Amino acid sequence: MDFKVADLSLADFGRKEITLAEHEMPGLMAMRERYGDAKPLSGAKIAGSARDAVETAEIVVTMLPAGKHVIAVWSEIAAAAQPGTLLIDCSTIDVESARAVAAAADAKGLLMLDAPVSGGVGGATAGTPTFMGGGSERALVAGASTRGRMGNAIVPAGCAGPGSAAAGERARGRGSSA
């Protein structure tokens, strides 16, 4: 494919950005190598920050290592998301953090699902993880639209917080499997 470059200094900038991506974004480069011409991310928009990414989003999904990370990222997200946006947090975090972000989301008019993942590596590999969904009935209904795209089920677990508690029980082998 031929391209016309109006400002050759931009070509140098582009080369530098590609070099940076090759060294600083190994996940992106692995996807590029694995999927090549299939272009599974065709049409995706790359954002410079969480705030930029959610300004026009209808559904925002996060999966972070701990409650403190969820709280920090969600404060940025909540400031930019439009009322009615569905926020789904798939992190397995403490109940207090899940409830804190749910309250902050509710105060901004956002829908929130506390939906940690169950199913382990096998479920992830097969594309059939189960989500423990804690949130309002409206958020659970909105979250049902993700079924089949993100996993095979969202198991309702009441308000925000019990989703994290249910996932924690399953992780410790105390809950039943879905």
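Predicted, not measured: the structure shown is a model, and the values here were computed from it.

1. A word on the overall build of the chain
Logical step 1: Within the chain, the secondary structure is distributed over eight helices and six strands.
Logical step 2: Ordered by position from N to C terminus, the α and β elements of the chain give α-α-α-β-α-β-α-β-β-α-β-α-β-α.
Logical step 3: Here the chain holds 178 residues, and the buried ones make up 29% of them.
Logical step 4: Taken as a whole, the chain presents about 11,300 Å² of accessible surface, with 57% of it coming from carbon and sulfur.

2. Concerning the pairing of strand E1 (residues 59-62)
Logical step 1: Side chains of E1 alternate between two faces, with Val 60 and Thr 62 buried and Ile 59 and Val 61 left unburied.
Logical step 2: As judged from the four bridges shared by E1 and strand E2 (residues 86-89), these two strands associate in the parallel manner. Following the sheet pairing, Val 61 is matched in E2 by Ile 88.

3. Here's the deal with the nonpolar core
Logical step 1: In terms of nonpolar packing, the biggest core is built from 16 residues, with Val 54, Trp 74, Ile 77, Leu 87, Ala 105, Leu 110 and Met 112 touching the most fellow members.
Logical step 2: Of all elements in the fold, only helix H4 (67-80) and helix H5 (95-107) reach the threshold of two or more residues within this core.
Logical step 3: Tallying contributions element by element places H4 first for this core, with five residues.
Logical step 4: Judged by nonpolar contacts, the second largest core, of nine residues, contains Ile 88, Cys 90, Leu 113 and Phe 131.

4. Remarks on the packing of H4 against H5
Logical step 1: Where H4 meets H5, the closest approach of the two axes is 9 Å, and the angle between their N-to-C directions is 10°. Comparing their axes, H5 and H4 come out roughly parallel. Where H4 abuts H5, its residues Gly 67, Val 70, Ile 71 and Trp 74 lie against Ser 97, Val 101 and Ala 105.
Logical step 2: Taken together, the residues of the contact of H4 with H5 sort by class into five nonpolar, two polar and no charged.

5. Considering the confidence of the model for the chain
Logical step 1: A residue-level look at the chain finds 75% of positions with pLDDT of 70 or above and a mean pLDDT of 76.
Logical step 2: Least confident of the elements in the chain is helix H8 (residues 162-171), whose mean pLDDT is 51; most confident is H4, at 91.
Logical step 3: Low pLDDT, under 50, characterises residues 170-178; the predicted model gives this stretch ten contacts beyond four residues in sequence or across chains.

6. Notes on the side chain of Ser 91
Logical step 1: Structurally, Ser 91 can be placed in the loop between E2 and H5.
Logical step 2: For Ser 91, the side chain forms a polar contact with the main-chain nitrogen of Leu 64, separated by 2.6 Å.

7. With respect to the side chain of Thr 85
Logical step 1: For Thr 85, the location among the structural elements is in the loop between H4 and E2.
Logical step 2: At 2.6 Å, the side chain of Thr 85 forms a polar contact with the backbone oxygen of Gln 82.
Logical step 3: If we skip the residues at most four places from it in the chain, Thr 85 touches Ala 57, Glu 58, Ile 59, Val 60, Leu 110 and Leu 111.

8. As for the environment of Asp 114
Logical step 1: Topologically, Asp 114 is positioned in strand E3 (residues 111-114).
Logical step 2: Separated by 20 residues in sequence, Asp 114 and Gly 134 place their C-alpha atoms 4.8 Å apart.

9. Some points on H5
Since the α-helix packs 3.6 residues into each turn, any two residues three or four apart lie on the same face.
Logical step 1: Between its first and last C-alpha atoms H5 spans 18 Å; for 13 residues at 1.5 Å apiece the expected length is 18 Å, and the two agree.
Logical step 2: The complete set of buried residues in H5 reads Ser 97, Ala 98, Val 101, Ala 102 and Ala 105. Buried residues of H5 fall within an arc of 135° about the axis and therefore sit on the same side. Relative to its buried face, H5 has exposed residues pointing more than 90 degrees away, namely Glu 96, Asp 106 and Ala 107.
Logical step 3: Residue Gly 109 follows H5 closely and has a positive phi angle near 80°.

The rules behind these values
Residues numbered from 1 in each chain as written. Predicted model: local features only at pLDDT ≥ 70, side-chain atom pairs only at ≥ 80, totals over all residues. Heavy atoms only, no water. Helix = DSSP H or I, 4+ residues; strand = E, 2+ residues; numbered from the N terminus. Buried < 20%, exposed > 50% of the residue type's maximum accessible area, 1.4 Å probe, protein only. Areas by Shrake-Rupley, 256 points an atom, 1.4 Å probe, with all protein chains shown as cover. Pairing = 2+ DSSP bridges. Core = buried A, V, L, I, M, F, W, Y, C linked by side-chain atoms within 4.5 Å. Axes fitted to C-alpha atoms, helices over the stretch in contact; angles between N-to-C directions. Parallel < 35°, antiparallel > 145°, perpendicular 65-115°, else oblique. Contact = heavy atoms within 4.5 Å. Nonpolar A, V, L, I, M, F, W, Y, C, P; charged D, E, K, R; others polar. pLDDT = per-residue confidence, 0-100. Polar contact = N/O pair within 3.5 Å; in protein donor to acceptor, adjacent residues only side chain to side chain. Expected span 1.5 Å × (residues − 1). Arc of directions from axis to C-beta.

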